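Listed here are the chains, written in short residue letters.
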Amino acid sequence: MKKTLTVRGLTIGEGAPKICVPLVGETLSQLKEEAVYLKTLDLDVVEWRVDFFEHVDDIEEIKAALGEIRAILTDTPIIFTFRSAKEGGEKEISTDYYFELNKIIAGSGQIDIIDVELFNEGNDIKAIIELAHRYGVFVIISNHDFDKTPSKEEIVSRLRKAMEIGGDIPKIAVMPRSSTDVLTLLDATNTMNEQYADRPFITMSMSGKGLISRIAGELFGSALTFGAAKQASAPGQIDVVELRRAINLLHSNL
């Protein structure tokens with residue numbers, strides 16, 4: 001039986017996909033304004049995409065900003081994510097700094113989930129998962145392909161690897177070049193859900209072509225989806241209000 005994951009009273013992995021909205025301000029004042037706005041929206045989770053932050057190279061500045069964000073989003077689950085440039089992020093940093101940053105933030109007491117990219121050294125990933133778990137923080141192990149949609153077998157393989165390495169929520173996002181690519185992602189999601197997954201996982205096909213994958217997670221198995229507020233953090237994210245409406249429509253008819 002697939003287990004669920006509960007964060008601040010929110011259960012991920014049952015019912016309709018939970019909606020996550022990115023926080024993408026570059027300055028502290030923008031982040032605070034954005035966080036206040038997000039409190040007015042019907043969302044479930046907030047992801048701070050720290051690679052957008054102007055002081056991303058200064059851990060003390062990041063910790064201070066995170067404290068301000070948490071003071072506003074007091075009860076909302078927060079995912080902390082530095083998305084590397086090679087996987088679609090805004091900046092590139094050294095591997096050493098990437099893991100130092102994630103370890104310090106995991107132990108800050110201010111976040112609920114961290115996102116760690118799959119294509120790093122396995123022992124480094126396992127070490128940060130172990131540390132995060134000591135602090136009661138869950139770990140998304142993610143992979144993003146902005147160029148193409150891998151084969152169904154490769155998508156399933158990456159999700160299973162993320163699960164086997166100890167990730168609490170495996171995640172993959174891929175770029176479709178055709179409607180067939182979208183079907184490949186959905187087929188892989190369904191197979192992962194029915195044959196392999198013992199925990200919540202996340203899949204999506206990006207861009208406008210892949211929009212159906214952001215809505216239909218309850219049918220195929222993806223537990224969380226991403227919508228946009230003021231600014232999208234990835235191609236194909238739609239307004240959170242429209243996303244909630246579409247998800248509710250599907251959910252009420254299943």
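Residues numbered from 1 in each chain as written. Predicted model: local features only at pLDDT ≥ 70, side-chain atom pairs only at ≥ 80, totals over all residues. Heavy atoms only, no water.

**Observations regarding the UniProt feature "binding site: 3-dehydroquinate" (unreviewed entry) in the protein chain**
UniProt tags Glu47, Trp48, Arg49, Arg83, Arg214, Ser233 and Gln237 as "binding site: 3-dehydroquinate" (unreviewed entry). Checked against the element boundaries, arginine 214 lands in helix 7 (residues 211-215). The class for arginine 214 is buried, based on a relative accessible area of 1%. (UniProt positions renumbered as here; feature names shortened; annotations may be inferred. Helix = DSSP H or I, 4+ residues; strand = E, 2+ residues; numbered from the N terminus. Buried < 20%, exposed > 50% of the residue type's maximum accessible area, 1.4 Å probe, protein only.)

**A few points about the sheet that holds strand 4 (residues 45-49)**
The parallel open sheet is built from eight strands, whose spatial order is 9-8-7-6-5-4-3-10. The open sheet is flanked by strand 9 (202-205) and strand 10 (224-226), the only strands paired with a single partner. Direction aside, the axes of adjacent strands within the sheet are offset by 25 degrees on average. Of the strand pairs in this sheet, strand 7 (residues 138-145) and strand 8 (residues 169-174) are connected by six bridges, and their pairing is parallel. (Pairing = 2+ DSSP bridges. Axes fitted to C-alpha atoms, helices over the stretch in contact; angles between N-to-C directions.)

**Let's talk about the nonpolar core**
In terms of nonpolar packing, the biggest core is built from 51 residues, with Trp48, Ile62, Phe80, Ile114, Val116 and Ile141 touching the most fellow members. Among all residues touching tryptophan 48, those that are not within four sequence positions of it are Leu23, Leu31, Phe53, Ile62, Ala65, Leu66, Ile69, Ile79, Phe80 and Thr81. Counting 18 residues, the second-largest nonpolar core is a separate cluster that includes Leu5, Ile140, Met206 and Leu224. (Core = buried A, V, L, I, M, F, W, Y, C linked by side-chain atoms within 4.5 Å. Contact = heavy atoms within 4.5 Å.)

**Quick word on the packing of helix 3 (residues 95-106) against helix 4 (residues 122-134)**
At a minimum axis distance of 9 Å, the contact between helix 3 and helix 4 shows a crossing angle of 15 degrees. As summarised for this structure, helix 3 and helix 4 are arranged roughly parallel, according to the angle between their axes. For the element pair helix 3 and helix 4, the recorded crossing hand is right-handed. For the pair formed by helix 3 and helix 4, the contact residues are Phe99, Asn102, Lys103 and Ala106 on the first element and Asp124, Ile125, Ile128, Leu131 and Ala132 on the second. (Parallel < 35°, antiparallel > 145°, perpendicular 65-115°, else oblique. Left-handed = near helix turned anticlockwise from the far one by under 90°.)

**Considerations on a negative patch on the surface**
Taken together, the side chains of Glu26, Glu54, Asp57, Asp58, Glu61 and Glu90 present a region of like negative charge at the surface. Turning to its location among the elements, aspartate 58 is positioned in the loop between strand 4 and helix 2 (59-72). (Patch = residues over 30% accessible without salt bridge, like charges linked within 9 Å, V, L, I, M, F, W, Y side chains within 5 Å. Areas by Shrake-Rupley, 256 points an atom, 1.4 Å probe, with all protein chains shown as cover. Salt bridge = Lys/Arg side-chain N within 4 Å of Asp/Glu carboxyl O. Lys, Arg positive; Asp, Glu negative; His and termini not counted. Charge placed at Lys NZ, Arg CZ, Asp CG, Glu CD.)

**Some remarks on the side chain of serine 142**
Positionally, serine 142 belongs in strand 7. Given a relative accessible area of 0%, serine 142 falls into the buried group. At 3.4 Å, the side chain of serine 142 forms a polar contact with the side chain of arginine 83. Sequence-distant contacts of serine 142, defined by excluding residues within four places in its chain, comprise Arg83, Glu87, Asp115, Val116, Glu117, Leu118 and Lys171. (Polar contact = N/O pair within 3.5 Å; in protein donor to acceptor, adjacent residues only side chain to side chain.)

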